[in-house]
Amino acid sequence: MATGFADGQQCTGCGKAVAALSEGFGLSNGMFFHKQCFVCAHCTKPFPGEFMPKDNKVYHKSCYTTLFAPKCVKCSGFIEGPSLPFRGEKYHPTV
């Protein structure tokens, strides 16, 4: 997901300039990071692979789920895919 880079882009993580491609990179959604600033906005640990962007921040998939995924009213589990809405509440769809 890395994209074009121009010297002096502002790091989304710390707000300071990313002076060169050798010290940072850009994502396809327009965010730029120093290599050391590319950490989860919730737990602050680096990414081993997959990440989820939201509101100009990046999260591990598990942190993203914990913070933003709706919960099923019946089982209290996180709903990571489609949900079944009923009377303003959300449920896991039945198969």
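The model shown is predicted, which means the values in this text are computed figures rather than measured ones. (Residues numbered from 1 in each chain as written. Predicted model: local features only at pLDDT ≥ 70, side-chain atom pairs only at ≥ 80, totals over all residues. Heavy atoms only, no water.)

**Focus on the pattern of salt bridges**
Thought 1: Throughout the structure, instances matching the rule amount to one salt bridge.
Thought 2: Across the pair Lys54 and Asp55 runs a salt bridge whose closest N-O atoms are separated by 3.9 Å. (Salt bridge = Lys/Arg side-chain N within 4 Å of Asp/Glu carboxyl O.)

**Some thoughts on unusual backbone geometry**
Thought 1: Backbone geometry at Thr44 places phi at a positive 60°, although glycine is not the residue there.
Thought 2: Among the secondary structure elements, Thr44 is positioned in the loop between strand S5 (32-34) and strand S6 (52-54).
Thought 3: Overall, Thr44 belongs to the exposed group, its relative accessible area being 56%.
Thought 4: Positive phi outside glycine occurs at Arg87, with the angle close to 50°.
Thought 5: If you trace the backbone, Arg87 turns up in the loop between strand S8 (84-86) and strand S9 (89-91). (Helix = DSSP H or I, 4+ residues; strand = E, 2+ residues; numbered from the N terminus. Buried < 20%, exposed > 50% of the residue type's maximum accessible area, 1.4 Å probe, protein only.)

**Observations regarding the confidence of the model for the chain**
Thought 1: Confidence in the prediction for the chain averages 82 pLDDT; 87% of positions are at 70 or higher.
Thought 2: Per-element confidence in the chain ranges from a low mean pLDDT of 46 for strand S1 (residues 2-3) to a high of 92 for strand S7 (residues 57-59). (pLDDT = per-residue confidence, 0-100.)

**Here we look at the packing of aromatic side chains**
Both the distance between ring centres and the angle between the ring planes are used here to describe each pair of aromatic rings.
Thought 1: Following the criterion strictly, the structure yields nine aromatic pairs and no others.
Thought 2: Plain terms: the ring middles of Phe25 and Phe38 are 5.1 Å apart, the flat faces sit at 80° to each other, and that makes the pair edge-to-face. On the criterion of sequence distance, the pair formed by Phe25 in strand S4 (residues 24-27) and Phe38 in the loop between S5 and S6 is long-range, its members being 13 residues apart.
Thought 3: You can call Phe38 buried: its relative accessible area is 13%.
Thought 4: Each ring, one from Tyr59 and one from Phe68, has its centre 5.3 Å from the other, and the planes form 80°; the classification is edge-to-face.
Thought 5: The partly exposed category is assigned to Phe68, whose relative accessible area is 34%.
Thought 6: Each member of the aromatic cluster is reached from another via a ring pair, and the members are Phe25, Phe33, Phe38, Phe47 and Phe51.
Thought 7: The ring of Phe68 carries the charged tip of Lys54 above its face, separated from the ring centre by 4.9 Å. (Phe/Tyr/Trp six-rings, centres within 6.5 Å; stacked < 30°, edge-to-face > 60°. Lys NZ or Arg CZ within 6 Å of the ring centre and 35° of its normal.)

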